[in-house]
Amino acid sequence: MDRNTLIGLILIFAILGGSFYLMKPSESEIKQEQRLQDSLKRVKEGLPPVADTTKTPAKTAVNTNQVDSAELKKPFGAAKYGEEKIITLQNEKIIAKITSKGGRVKSVELKNEKNFDGSPLILFDGNNNRFGLMFNAAGQNISTNNLNFQTTDADVSISKGDSKTVKFRLSYNDAQYIEYTYTLKGDDYNLGLDINAVGLQNLIPQDQKTNTFWTGELYCIRKRKM
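Residues numbered from 1 in each chain as written. Predicted model: local features only at pLDDT ≥ 70, side-chain atom pairs only at ≥ 80, totals over all residues. Heavy atoms only, no water.

(A) Spatial organisation of the overall build of the chain. Along its length, the chain carries three helices and 11 strands. In the chain, of all internal contacts separated by at least 6 residues, the share reaching a separation of at least 24 is 48%. Here the chain has roughly 16300 Å² of accessible surface; of this, 53% comes from carbon and sulfur atoms. (Helix = DSSP H or I, 4+ residues; strand = E, 2+ residues; numbered from the N terminus. Contact = heavy atoms within 4.5 Å. Areas by Shrake-Rupley, 256 points an atom, 1.4 Å probe, with all protein chains shown as cover.)

Structure, rendered in structure tokens:
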């Protein structure tokens, strides 16, 4: 064997050795392959596959909704937060839904009337109806329509000859608040409302007017074309 042949053989063995080293699976790949084989074996035996413990658990979503502490310090600041609660008042004639968002009537349905297509007759419904008080308190313009009232009442069904009330309160503190009281009789279309402001004389300047507003969209009663 001459010198050139010997060098060639050495180079070939070096290349083969390097290839085996580079192509050698890593320890994690060996473990993954072993888990795969074990899982296949368990499936054939009617057992559940081996769980993969190498996967990183999914991160729990973080709630980024945070209460602004500066807003809480403003008049009625806490009322800017909270979930909407809807109370249903119904008698023999109407179904009225009152929302804690603004303490206003959200929808009214006439029970004994239908549209021409048989659907319920809704007088109005949704957030296009706005009602409330507007005033200035401690230098802040307040619109109660945008604030969350509190109520401890539940849905009410009123029979003929009876009368029930539900209350919604917008609190500045325990001794200062605005309270809406809704009253419905058992055989009446009218939904009564009393507004009571308690302890706000030191919060709202005496020479300032408090404005009441109500805007809404009445649904049209569609008639069948002849």
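(B) Representation of the side chain of S107. Mapping S107 onto the fold places it in strand β3 (residues 105-114). Relative accessible area serves as the criterion here: at 9%, S107 is assigned to the buried category. When residues no more than four places from it in sequence are discounted, the contact partners of S107 are I95, A96, K97, F124 and D125. (Buried < 20%, exposed > 50% of the residue type's maximum accessible area, 1.4 Å probe, protein only.)

(C) Examining the packing of aromatic side chains more closely. Counted under the stated rule, the structure contains five aromatic pairs. Aromatic pair F149 and Y180: ring centres 4.8 Å apart, planes at 35°, arrangement tilted. Residue F149 is located in the loop between β6 (140-143) and β7 (156-157), and its partner Y180 is located in strand β9 (residues 176-185); the two are separated by 31 residues in the primary sequence. Across the pair, Y180 and F149 agree in class, each one buried. (Phe/Tyr/Trp six-rings, centres within 6.5 Å; stacked < 30°, edge-to-face > 60°.)

(D) Region of interest: the side chain of S143. Structurally, the position occupied by S143 is in strand β6. Sequence-distant contacts of S143, that is, excluding residues within four places in its chain, are made with L133, M134 and F213.

(E) Fine view of the sheet that holds strand β10 (residues 191-198). Spatial ordering of the open sheet is given by β8-β9-β10, a layout of three strands whose pairing is antiparallel. Edge strands, defined here as strands with exactly one partner in the open sheet, are β8 (163-173) and β10. Averaged over all pairs of adjacent strands, the angle between strand axes in this sheet comes to 15°, irrespective of strand direction. (Pairing = 2+ DSSP bridges. Axes fitted to C-alpha atoms, helices over the stretch in contact; angles between N-to-C directions.)

(F) Geometry of the environment of N173. Note on placement: N173 falls in strand β8. For N173, a relative accessible area of 32% gives the class partly exposed. When the C-alpha positions of N173 and P75 are compared, they lie 9.5 Å apart, and in sequence the two are 98 residues distant. At 2.9 Å, the side chain of N173 forms a polar contact with the backbone nitrogen of A175. (Polar contact = N/O pair within 3.5 Å; in protein donor to acceptor, adjacent residues only side chain to side chain.)

(G) Broad picture of the pairing of β9. For β9, a buried count of eight out of 10 residues is recorded, marking the element as mostly surrounded by other parts of the structure. Where β8 lies against β9, 10 bridges are found, and the strand directions are antiparallel. When the bridges of β9 are listed, L170 appears paired with I178. If you look at the hairpin formed by β8 and β9, you'll find two residues sitting between the two strands.

(H) Summary view of the nonpolar core. If you look at the biggest cluster of nonpolar residues, it comprises 31 residues, and the most contacted ones within it are F76, L89, F135, V166, F168, Y180 and Y182. Elements supplying a minimum of two residues to this core: β1 (86-90), β2 (94-99), β3, β4 (120-125), β5 (130-137), β8 and β9. In this view, F135 contacts F76, Q140, N141, I142, T144, I178, I204, Q208 and T210; residues no more than four positions away in its chain are not counted. (Core = buried A, V, L, I, M, F, W, Y, C linked by side-chain atoms within 4.5 Å.)

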